[in-house]
Each structure stands twice: as structure tokens, then as C-alpha cells.
Amino acid sequence: MLRDPEGLEKEIWKSPAELLQKKGVLQLQGEGLLFTESNAGNLTDFFKRIIQNKIKTLPKEYVASKSGWKNAFSLFVVGNRAIWASGETTVLQRDNPTAELYEQKGSLDGWIEGATEPLVYNSVRFKLYSACVPPLLKILNLPSFVETQQVKSGNLKTTTGWLAASIWGDPERLQINAASTAVGITKTVEFCTDLPIFVDETSISNSIKDLVYTVANGVGRSKGNSDGGLVMPSTWSTVLLTTGEKPILPESALTGQQVRVVPLREGINQKLKPEIVRHIQTSIKTNYGHIGVLFLHELFKEKDNLASLYEAFFKAFPEVETDDITSDRAKTYYAIIALAGHLLEKVFENIGIEVKDPYSICEYYFTENVISDSFLPDHIKALNAAYSWYNANKLYFEDEDPERPLNHERYGWIRNDKEYGACICFSPDKLKKYLNTEIGPNTYEAATEEWKKLKILIPKLQSKNNTGKIVRLKNNQISVDGRKVLVIKIPFEKFEEHLELKDENEERSEPRENLEDNLNPQVPSTLQAHIALRDISMHVQVVAYTHTLEQNMEVTATTDNIRVISDDAELAEIMIREGFS
């Protein structure tokens, strides 16, 4: 306890090592203790005598500056509680502004009363499983990841986000605004390591996608300090749970980003009565912080078996293609979510909530997100983007009209190759700028190397003068107005092959006689047999409604030159008979 010159008392926590060093003692000046530097030595001696004489009787407290695992996984700190295998105690959080978010409030029974209704839905269970994953990651040496719930408004994504956060603490205050700065979110992750992080309504900001790599990689940035030294980066393990009406990543996002994101495209899809929703929200806002402690107790019971349980879940999930390393990596996330679900369902069983099978729930989402929607390699995404760019600017690739010359340098050219036929010849600089902007930095460099390796682009073969060895260059050459121009040359057939466009094109390139037949409306022969069309003059007007005819033309519907039709099929048949196509 320290009293400053104004007589105000405050509690300061220092380690014995700090108090036995002059530098540590001098820091007390900044806390309000009034003394001169020349007295620092005397204070050091004073603290030395106190520690020697009182070490056995001084009260001992657990002190932490961050949440998460301590003492070789023997102790877990969440808020102001320290939990271990045989019990729990109070812990003093030092200089951690997030600690107060993880307090307990209300009762466990109150939480159960509000959670029972939404826990009927598998999507809600999956979300709560994910919120319990972070304490398992570091023990099993697994990476952090992002789970994003992307559903339209009305599916109670915010309410279920509160429910997931209420496992650990205050459900509303634990939600980070999506418009928060990257530094703010990163600092929160540092303080709350081994616990989930919640970001609500990501649709209001596009910046959250830039945090996917940072959060999932589990390490911050190295920085220099004012003394010219190095500040080592902070590390963490977490699951970032986001909600929004649209995905946090575009379709063109790099595979390395996409594989770190577990999508949840479902919510509570049944419309609940407003009074039920209000009851759920009130219950979880006033009763929280109880389930997380119970979950940690279950974790400690199974601590020695966690690795084997995880392996069992991993092997149980369906096999993916053997050469699809990315999908296998994604499987690790679903396996750890299932393991967290296994422990959470034990908690539910103990407190009287109906139990579900966590594996079947996670296997469903694994099949939906990974097996049925596999990850596209980055070079294929780049190829697709290049082809879309060509289609959007096709005019500028075509042959020039002498009267209306085009600036091909902005895009590229179409050229025939003796071996491969028609090719798109992209201007390298323009394609590079487009791909690196549309998908991400260095996409062009990586994609074109892969295109060359897989023989998607036609390379330029060049012989080295000193060795005679043939090298393959990405940039080919074409002639433009008597000069040589460097291009990225890709045959149309390669786009068809790798983007699976061939079948679609073949369907469209039917023989001309069949194509012409298909342009005319066809009437089934069984229907034709029942249609009796009378001959009509070429000057006849065909109308659908008698009253419209009488108003506009001042004639009656009984004249011989008028045919009144009742539907589009009859009109089409008349038009064909009259020679219209």
C-alpha cells in the first residue's frame, strides 16, 4: 500500500526482484512515492530486510497481467479467478483492463433458463463449441483461427453471439465493435490469450479481413524501443468469432486466408416470438461467467487424454483428396471444435441441459464447408480473375478497326498460336497491377510462376549463350506494328480446361441447323393435334383482351379479321404461321 504526497492511498504490486534493484525502486517515484534518487539505495536495503524477516508470514496472492494458461498448464486464469485441477481461487489481475469483463454475475440456473431454447439449434451449439476451443489450442499445439457467422438479419446472430460470450463473462461488453482499430483488437487479443474474442456486425467495416492472418498466426509485430532495443512480439491463442450479413473475405481471397476461416452460414432460422427473444436476451445479460469455469474443470479432468481424444475426432472426419493439403488443414479446426463440444456437452449433462452429439454436428459443417465446397488454389483464382478481366474488357483485346484504333497497351491482344490456337496475350504490367490489387500483394508473381510450371501459359524458350541450356521465360513475345511486345500468353483452351468452361462452350456450339431450330418456339406434337388454327390475313392485329381492342381501335371482336388469343403459347403459334420469327 502506497500513500502519495496528497495523502491518497493506492495498492501497488511489485515482485521481490523489482524491489531489490535500484531501477525497480525508482519506478515507485512514478507511482507517487516521494523520495530522491540518492535515497534509492536505502529503500532497496529496507525492502531487503522486510523480505528476509517477513517472507514466511507475508500473505501470498496469485497475480497475473494476462488471462490464460500459467505454470506449465497447471493453472488457468480467467478474469479474477484462477482455476486448477483441484479447485479455484481469486487472482489479482495487474494492469489488465480486460479482466473485469470476465466476472461472474447472476446464477447458473438463470443462464440455463435463457440458454435452453436457443441450444435446440445445431448452429448455436456449433458456435458455443467454437467459443470453448481457445483453452485447448496451446495444449495441443494447434493454431488460432476465425469463425464467421454470415447470415441475414433476423437469424438472431447477435443474440447467439451474446450467448457464446456469456460462457466466459459479460456478453455485451465482450463484443468488440468491428470499426475498432487493428491495434485495439490486437491488444485485446494479447490480454485475453487462450480465450475467445468476439466481433459483432462486421458488415459495417471491411478492415476485419486484414486481421485474419494476424489473429490466426498468433503473433504480433516486433518493435523497437526508445533505447534502441527490441521489443519482442506478443503471442496468443484464440478463436475470433465474428458475426455479419456478408462474408468477411471476398471470393478472390488467398487460400491461406480462407483456410483460416470457419464459416457458419446458419443461425436460428425459425421465427421466435418477440417475448421469447427478450427472455433469452435478458437471461444471458444478467446471468453469465458460470459455464466457462465448469468447462475448465471438465478440461482438467481430461487433460491427460486431450491429445488422444483430438486424434480420434480428426480421424473420424471424412477423408479429403490426398493431394488437398489445404482441406486436411481445415479438418484440424473441425476436430478441435468437436473436442471442445465433447467437453461442453459433459457440462450440459451435469447441469440438466439436453445433450447432443458434437461429432455429428461438426461433421455436418465440415461436409458443407470443406468436402462439398473445396478450396481453390491461388493460381486458379488468379486465372479466373484474369479471364473475368478479359471478358469485362474484351473489346480492347480484339483486332483494331483502322478507323477506330484501340489502345491495346492498356489490356492486351488476341493472337493465334500454331500449336495452341487462339490465345489471350495480356500486358504483363497491367495484369500484374490488376491481380495484385484484386487478390493480394505478389499474387501475379506467384500465379505466373505456377502457370508456367503447369504449362498454362506459353513460355518463351531461350538458349543461354554460355551453356546452351534452354530456359523457359514467363513473358512471351508478339509482334505489334512491327515491334516486339512482351506478353503473358495463355491459350483459350487452357482457360477452358482449368476453369472447367469446356462443357459450357460445347453446349453452346451446337450445329447451326439445330441452333436455328432451337430459336423457334417448339410445340409438343400431342398439343399440336388439338390446336385448330384458322388462316389469318397478314394485316391482322392479334390482341389478348377484347375490351382493349374495342377501346383502341373502335372495332368489335367479332370481325373476321380479328383473332383473339388467350395465352402466349397460342400467340407464338400464330406468329410462326404468319411468318414472324
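You'll find the structure just up there.
Residues numbered from 1 in each chain as written. Predicted model: local features only at pLDDT ≥ 70, side-chain atom pairs only at ≥ 80, totals over all residues. Heavy atoms only, no water.

S.K.: How would you summarise the overall build of the protein chain if you had to cite specific residues and measurements?
M.R.: Summing up its helical and strand segments, the protein chain has 24 helices and 22 strands in all. Here the protein chain holds 581 residues, and the buried ones make up 43% of them. A total of about 32,300 Å² of accessible surface is found on the protein chain, and carbon and sulfur atoms cover 49% of it. (Helix = DSSP H or I, 4+ residues; strand = E, 2+ residues; numbered from the N terminus. Buried < 20%, exposed > 50% of the residue type's maximum accessible area, 1.4 Å probe, protein only. Areas by Shrake-Rupley, 256 points an atom, 1.4 Å probe, with all protein chains shown as cover.)

S.K.: Describe the pairing of strand β5 (residues 75–78), and please don't skip the residues or the numbers.
M.R.: Both faces of β5 are covered, namely the face carrying L75 and V77 and the face carrying F76 and V78. With 3 bridges connecting them, strand β4 (residues 68–70) and β5 associate as antiparallel partners. If you follow K70 over to β5, its bridge partner there is L75. Following β4, the chain reverses through 4 residues before pairing antiparallel with β5; N71 in that reversal takes a positive phi of roughly 50°. Hairpin connection between β5 and strand β6 (residues 81–84): a loop of 2 residues separates the two successive antiparallel strands, and G79 in this loop has a positive phi of roughly 65°. (Pairing = 2+ DSSP bridges.)

S.K.: Tell me what's going on with helix α13 (residues 306–316), and back it up with residues and numbers.
M.R.: Count 3.6 residues to each turn of an α-helix, and residues three or four apart come out pointing the same way. For α13, the set of buried residues is L306, Y310, F313 and F314. Buried positions in α13, seen along its axis, are confined to an arc of 100° and lie on one side of it. (Arc of directions from axis to C-beta.)

S.K.: So what's going on with the side chain of T242? Residues and values would help.
M.R.: Here T242 shows up in strand β13 (residues 239–244). A residue is classified by how much of its surface remains accessible, and T242, at 1% relative accessible area, is buried. Here T148 takes part through its side chain, which lies 3.0 Å from a polar atom of the side chain of T242. (Polar contact = N/O pair within 3.5 Å; in protein donor to acceptor, adjacent residues only side chain to side chain.)

S.K.: How would you summarise the packing of helix α16 (residues 378–392) against helix α18 (residues 443–453) if you had to cite specific residues and measurements?
M.R.: Taken N-terminus to C-terminus, the directions of α16 and α18 make an angle of 100°; their axes are 9 Å apart at the nearest point. Put simply, α16 runs roughly perpendicular to α18. Facing H379, A382, L383 and A386 of α16, the residues of α18 in contact are T443, A447, E450 and W451. (Axes fitted to C-alpha atoms, helices over the stretch in contact; angles between N-to-C directions. Parallel < 35°, antiparallel > 145°, perpendicular 65-115°, else oblique. Contact = heavy atoms within 4.5 Å.)

S.K.: Got a sec to walk through the packing of aromatic side chains? Specific residues and values, please.
M.R.: If you walk through the whole model with that rule in mind, you get 23 aromatic pairs. Ring centres of Y364 and Y365 lie 4.9 Å apart, and the angle between their planes is 75°; this geometry places the pair in the edge-to-face category. Exposure remark for Y365: the relative accessible area of 3% places this residue in the buried category. Following the ring pairs from residue to residue traces out a cluster consisting of Y387, W389, Y390, Y396, F397, Y411, F426, Y434, F492 and F495. Over the aromatic face of F314 sits the side chain of K331, whose NZ or CZ is 4.9 Å from the ring centroid. (Phe/Tyr/Trp six-rings, centres within 6.5 Å; stacked < 30°, edge-to-face > 60°. Lys NZ or Arg CZ within 6 Å of the ring centre and 35° of its normal.)

S.K.: Before we move on, could you go through the sheet that holds strand β7 (residues 87–93) and cite the residues and values that matter?
M.R.: On the basis of which strands lie adjacent, the open sheet formed by 5 strands has the order β3-β7-β6-β5-β4 and mixed pairing. Whereas interior strands pair on both sides, the edge strands pair on one side only; in this sheet they are β3 (62–64) and β4. Going across the sheet, the axis of each strand differs from the next one's by a mean of 40°, ignoring polarity. Note: β3 against β7, 3 bridges, orientation parallel. Bridged to A64 within β7 is Q93. Lying over the sheet, helix α12 (residues 291–301) contacts β4, β5, β6 and β7, oriented at roughly 25° with respect to β6.

S.K.: Talk me through the sheet that holds strand β19 (residues 476–480); I want residue IDs and the actual numbers.
M.R.: Taken together, the 4 strands give an open sheet; going across it, the order is β15-β16-β20-β19, and neighbouring strands pair in antiparallel fashion. Looking at the sheet topology across the chains shown, the edges are occupied by β15 (412–417) and β19. Neighbouring strand axes in the sheet, compared pairwise and without regard to direction, differ in orientation by 50° on average. With 5 bridges connecting them, β19 and strand β20 (residues 483–491) associate as antiparallel partners. When the bridges of β20 are listed, S479 appears paired with K484. Against the sheet, α16 contacts β15, β16 (421–426) and β20, and its axis sits at roughly 95° relative to β16.

S.K.: Now, about the packing of α16 against helix α17 (residues 428–438): what can you tell me, with residues and values included?
M.R.: For any two helices packed against each other, one specifies the crossing angle of their axes together with the interaxial distance. For the pair α16 and α17, the least separation of the axes is 10 Å and the interaxial angle reads 115°. Both α16 and α17 take part in a crossing whose hand is right-handed. Within the contact between the two elements, α16 uses A382, A385, A386 and W389 and α17 uses K430, L431, Y434 and L435. Looking at the contact of α16 with α17 residue by residue, the classes come out as 7 nonpolar, no polar and 1 charged. (Left-handed = near helix turned anticlockwise from the far one by under 90°. Nonpolar A, V, L, I, M, F, W, Y, C, P; charged D, E, K, R; others polar.)

S.K.: I'd like a description of helix α15 (residues 358–371), backed by residues and values.
M.R.: Under the 1.5 Å per step criterion, the end-to-end length of α15 is 18 Å for 14 residues, consistent within 8% with the ideal 20 Å. Listing the buried residues of α15 in full gives P358, I361, C362, Y365, F366, N369 and V370. Relative to the axis of α15, the buried residues are bounded by an arc of 130° and lie together on one face. Its side-chain oxygen 3.2 Å from the backbone nitrogen of Y359, D357 forms the N-cap of α15. (Expected span 1.5 Å × (residues − 1).)

S.K.: Account for the pattern of salt bridges, naming residues and giving values.
M.R.: This model, assessed by the stated rule, comprises 13 salt bridges. K22 is the partner of E37 in a salt bridge, and the nearest nitrogen-oxygen pair spans 3.7 Å. Of the two residues, E37 is situated in the loop between α2 (22–30) and α3 (40–54) and K22 in helix α2; the sequence distance between them amounts to 15 residues. Where K301 meets E298, a salt bridge forms, and the shortest distance between an N and an O atom there is 3.3 Å. Of this pair, K301 and E298 both sit in helix α12, 3 residues apart, roughly one helical turn. The exposure class of E298 is buried, given its relative accessible area of 7%. Connected through shared salt-bridge partners, E449, K452 and K474 make up one network. (Salt bridge = Lys/Arg side-chain N within 4 Å of Asp/Glu carboxyl O.)

S.K.: Lay out the pairing of β6 in plain terms, naming residues and giving numbers.
M.R.: Pairing geometry for β5 and β6, over 3 bridges, is antiparallel. Paired with F76 across the bridge in β6 is I83. Here 4 bridges tie β6 to β7, and the two strands are oriented antiparallel to one another. Residue pairing in the sheet places R81 in a bridge with T90 of β7.

S.K.: Would you mind going over the side chain of T159 in detail, with residue names and values included?
M.R.: For T159, the position within the fold is in helix α7 (residues 157–165). In contact with T159, not counting residues within four places along its chain, are I280, Q281 and I284.

S.K.: Please provide a residue-by-residue account of the environment of E31, values included.
M.R.: Mapped onto the elements, E31 comes out in the loop between α2 and α3. The class of E31 is partly exposed, set by a relative accessible area of 25%. Each C-alpha atom, one on E31 and one on R3, is 9.3 Å from the other, the two residues being 28 residues apart in sequence. Beyond its immediate sequence surroundings of up to four residues, E31 is in contact with L2, K10 and I12.

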